[in-house]
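Geometric and topological summary
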Amino acid sequence: MNKITTLAIVAASLASGFGLAVLSPFSAWQSQPDGLFSQESPTTDSSPITAAPAVGINTISLQDAEHERESQFRGVSSVADILTLPHDFMQTEALYVMAGRADVDQLHQYIDQAEALLYPDERKTALQILYSRYSEIDPRAALNHLHAKQLDIADNLIYGIFNSWAKVDLNAAIASANNLRIARQQKLASDAILAAYGNRQPQLLQDIANRLLRHSNIGRFSSISLLANASTNPEDSIRQALAIADVNVRRDSLFRIGRELAKHNPRQALDYMQAIPELPLRRQLQQQLLNQWASESPREALDYALRETHANVRQNNIRAVLQVIAGSQPELALQHLNALEGRTRQRAATTIFSQWASQDIHSAVAAAAALEDPQTKQRVISALSHQYARQHPHEAMAWADQLPDHMKASSIQNVISSVAQQDPDKAIELALGNTSGMKQTRALQSIIGQMANSNARRATQYLSYLPEGSVKDNTVRNLAANWARANPREAVDWIRELEGRQYSGAMQSIAQTVVRQDPEFAEQLLVELPNHERQQWVTELSSIKATTDIDGAFSWLSQFAQEPYYSQAIDRILQVSAATDTARSVQIFETLENQAEHTNAALTIVSRWAQQDPASAVSWATTLSDPNSRQQAMDAGLGQWLRYDRHSAVEWAVNLEESESRDQTLTSMVRQTTYTDLDLAPLINSISSDEYRNEATKIRFRNLWRQDAEAAERFLDQVYVSDALKESLLSIRH
């Protein structure tokens, strides 16, 4: 399939809402007494707004788009499957495809899987995509499901839900945003609605804003006037954009202006960006424009990148351009690879060869063999082994087997792992016939782990190939966890046949999943577990019970008051209650006697409370009697406050009564503040202790220096510290 057809299919799929009817039964929402919605009627104008329909895509029919999507990533049926794909872009594409063909029940499974991801960025991205899809099927269910989850990134997900929802049912989205209980989330939802129309139909922005209870200044959602002026008076447009106070809006407006200018003269657009005084922002925007240029005129963009005189900027620009060029002209990109150095060259080489392999694996493999730099070559060979195996598994194994010894073992492992995604039995055969010892054990573990996502019962048949030990124990735990997501009761029946460490590990691995999917069954299982293995089950059950009945959860937990995990379970209840009933959380806190429980509970309450009302949360923290609990809780609350309203947070802290605690608090705030546009010199100068003032100065200087050396030097001129300290800090330039 050519690139144009593929893009048309993606566009058509998006325009059709993934091809499923989008439900927006808002009339049913208004009768809901619980969850995220209040019972107060909006006081704003409630006249419906008629928005123009989405522009139709005629390049390819929606039916053809559906057919093409169904044919993509057929072997992908779980988040774990997606993570085995070799590249970020491919993983994201696969997740969109998998979510696009999922129903609500499948989305629940995928969300549970995504929630268990270890890396925060992967977890956040996956959940945003899945909840965006969920909101297109049934936004009410998506929000209620999100509320029950009590996720720490709920704000990001709420924004995505309402942004998607507004595009298909604007009036229902507005009414629901106004009914959200938490003011911060109400504002986020409103901003998401405005953002959905800022570029599509900016003439509706004021009407929409009039109907929303809380929202940001609507000026941040439209840069139409700036763009209209950019082609005739670019300097004036850039000057106006630079005057925008909000850093995110400023960056977005400048990029839009630059992109508009680049349509006619990319080189001139890049030169105009030199007028931006903030170095990080200037570099970022120039990089984005250069990437766009490279996709349209690769040789011209490469010539521009090669002429850059600043060494680090030159390296970054060349790498970015080569990665773009590799998609269509990998040989040209390879010719200029030696213009890069060290890890920059290695990363660029991996991208170039990965894109090359997707077009012609044999040419890519032959070119990789000719690479001279050994580290770059090893990294490229590793990436190619995955792609080779997916296209020609037998060829790939023969190729990997003839590689030099220092690359052979890892490449064989990669080939087996990739084959396992399509044919687990064949992968087992390859592992048994081509590996031995620990390498064979690791290969078998990987295959069984992948098989567990699609057919857990079948995967159990291969456990006998693994020797007894920690690897097998870990494999059993992972297998149990995957099985429980699909069928908790079947998984438990299998686990009951296990013994010793494997039984204990498997039961712990399924606790969270079973409790969330079937809490009644989980409570039955708790009875048969030995007391020393109940900790995770009790804490998870406490949390799930608290979502519907905080007092009931606390009463149920009291039977375990003498157990060592009691404090942890209380903390889980407080995590839920602090987000919905702060007063009750404080009452629970006051009943605690253990000092460790006090400190943990205070941190939990303030952290959750500060997400809704940081000023009240921090003020409550100052009333705590224990100095350690008070300081930790204040730091946690101020960290949240700085995220949502850093100017108010700083003003509050500066006005604290002079004391060592105040100095500690101010220093902690400096440590948590990385924004370059916030003037912290007055705050640091107000620290009474030389020791804390010096520490805060060092922290702030280093944070600034990483982003803008000139701003760091200006900062030093404004703080009251010794010349010796200033000279010491400035010496890092050398």
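Residues numbered from 1 in each chain as written. Predicted model: local features only at pLDDT ≥ 70, side-chain atom pairs only at ≥ 80, totals over all residues. Heavy atoms only, no water.

In terms of helices and strands, the protein chain carries 44 helices and zero strands. Looking at the protein chain as a whole, 49% of its 734 residues are labelled buried. Of the contacts formed within the protein chain by residues at least 6 apart in sequence, a portion of 60% connects residues at least 24 apart. Here the protein chain displays about 34,700 Å² of accessible surface, and carbon together with sulfur accounts for 47% of that area. (Helix = DSSP H or I, 4+ residues; strand = E, 2+ residues; numbered from the N terminus. Buried < 20%, exposed > 50% of the residue type's maximum accessible area, 1.4 Å probe, protein only. Contact = heavy atoms within 4.5 Å. Areas by Shrake-Rupley, 256 points an atom, 1.4 Å probe, with all protein chains shown as cover.)

As a further point, take the environment of L302. Its place among the elements puts L302 in helix 18 (residues 298-306). Spatially, the C-alpha atom of L302 lies 8.4 Å from that of N317, the residues being 15 residues apart in sequence. Sequence-distant contacts of L302, defined by excluding residues within four places in its chain, comprise V321, L322, I325 and H336.

Turning our attention to the nonpolar core. In this structure, L384 and W537 are the most contacted members of the largest nonpolar core, which totals 130 residues. Per-element accounting of this core gives the leading share, seven residues, to helix 31 (residues 500-517). If we ignore the near neighbours within four places in the chain, the residues touching W537 are M507, Q508, I510, A511, V514, V515, A522, L525, L526 and L529. (Core = buried A, V, L, I, M, F, W, Y, C linked by side-chain atoms within 4.5 Å.)

Tallying each qualifying case throughout the model produces 23 salt bridges. With a shortest N-O distance of 3.5 Å, E490 and R457 are connected by a salt bridge. Remark: R457 occurs in helix 28 (residues 456-460) and E490 occurs in helix 30 (residues 488-495); sequence separation between them is 33 residues. For R457, a relative accessible area of 48% puts it in the partly exposed group. For E528, the salt bridge identified is with R496, shortest N-O distance 2.9 Å. Here the residue E528 occupies a position in helix 32 (residues 519-528), and R496 occupies one in the loop between helix 30 and helix 31, the gap between them amounting to 32 residues. Connected through salt bridges with shared partners, the residues D112, E115, K149 and R516 form a single ionic network. (Salt bridge = Lys/Arg side-chain N within 4 Å of Asp/Glu carboxyl O.)

As a further point, take the packing of aromatic side chains. This model, assessed by the stated rule, comprises 13 aromatic pairs. For the ring pair Y131 and Y134, a centre distance of 6.3 Å and an interplane angle of 15° mean the geometry is stacked. Of this pair, Y131 and Y134 are both found in helix 7 (residues 120-137), three residues apart, which corresponds to roughly one turn of the helix. The same class applies to Y131 as to Y134, namely buried. (Phe/Tyr/Trp six-rings, centres within 6.5 Å; stacked < 30°, edge-to-face > 60°.)

This part takes up the packing of helix 8 (residues 139-149) against helix 9 (residues 154-168). Packing of helix 8 against helix 9 brings their axes to within 11 Å, and their N-to-C directions diverge by 175°. Judged on the interaxial angle alone, helix 9 and helix 8 are roughly antiparallel. Side by side, helix 8 and helix 9 meet where P139, A142, L143 and L146 of the first sit next to A154, L157, I158, I161, F162 and W165 of the second. Tallied by class, residues from the contact of helix 8 with helix 9 come to 10 nonpolar, no polar and no charged. (Axes fitted to C-alpha atoms, helices over the stretch in contact; angles between N-to-C directions. Parallel < 35°, antiparallel > 145°, perpendicular 65-115°, else oblique. Nonpolar A, V, L, I, M, F, W, Y, C, P; charged D, E, K, R; others polar.)

Look at helix 39 (residues 627-654): only 19 Å from first C-alpha to last across 28 residues, short of the 40 Å you get at 1.5 Å a residue. Residue D645 marks the point of greatest curvature in helix 39, where the axis turns by about 135°. (Expected span 1.5 Å × (residues − 1). Bend = angle between axes of the 7 residues up to and from the residue.)

What follows deals with the side chain of Q292. Within the fold, Q292 resides in helix 17 (residues 279-296). Taking relative accessible area as the criterion, Q292 reaches 16% and is therefore assigned buried. When near neighbours in sequence (up to four residues on either side) are disregarded, Q292 contacts R259 and A262.

Attention now moves to the side chain of T697. Checked against the element boundaries, T697 lands in helix 42 (residues 690-707). Polar side-chain contacts of T697 include one of 2.8 Å to the backbone oxygen of R693. Discounting residues that sit within four places of it in the chain, T697 has contacts with I684, F715, L716, V719, V721, L725 and L729. (Polar contact = N/O pair within 3.5 Å; in protein donor to acceptor, adjacent residues only side chain to side chain.)

Relative to the 26 Å expected for 18 residues at 1.5 Å per residue, helix 23 (residues 374-391) spans 25 Å between its end C-alpha atoms, a close match to the ideal helical length. For helix 23, the set of buried residues is T376, V380, I381, A383, L384, S385, H386, Q387, Y388, A389 and R390. For helix 23, the elements touching its buried residues are helix 21 (342-359), helix 22 (361-369), helix 24 (393-401) and helix 25 (405-422).

Moving on to the environment of S619. Along the chain, S619 falls in helix 38 (residues 614-621). The spatial distance from the C-alpha of S619 to the C-alpha of W652 is 9.8 Å, given a sequence separation of 33 residues.

Let's shift gears to the packing of helix 27 (residues 437-454) against helix 29 (residues 470-486). Packing of helix 27 against helix 29 brings their axes to within 9 Å, and their N-to-C directions diverge by 10°. Looking at the two axes, helix 27 sits roughly parallel to helix 29. Contacts between helix 27 and helix 29 involve T441, R442, Q445, I448, G449, A452 and N453 from the former and V471, N474, T475, L479 and N482 from the latter. Grouping the constituent residues of the contact of helix 27 with helix 29 by class yields four nonpolar, seven polar and one charged.

What follows concerns the confidence of the model for the protein chain. For the protein chain, per-residue confidence averages 80 on the pLDDT scale, and residues scoring 70 or more make up 87% of the total. Least confident of the elements in the protein chain is helix 2 (residues 26-29), whose mean pLDDT is 28; most confident is helix 22, at 92. When the criterion is pLDDT under 50, residues 1-45 qualifies, and its contacts beyond four places in sequence or with other chains add up to 92 contacts. Low confidence marks residues 54-58, where pLDDT is under 50. Its contacts with residues over four positions away, or in another chain, come to five contacts. (pLDDT = per-residue confidence, 0-100.)

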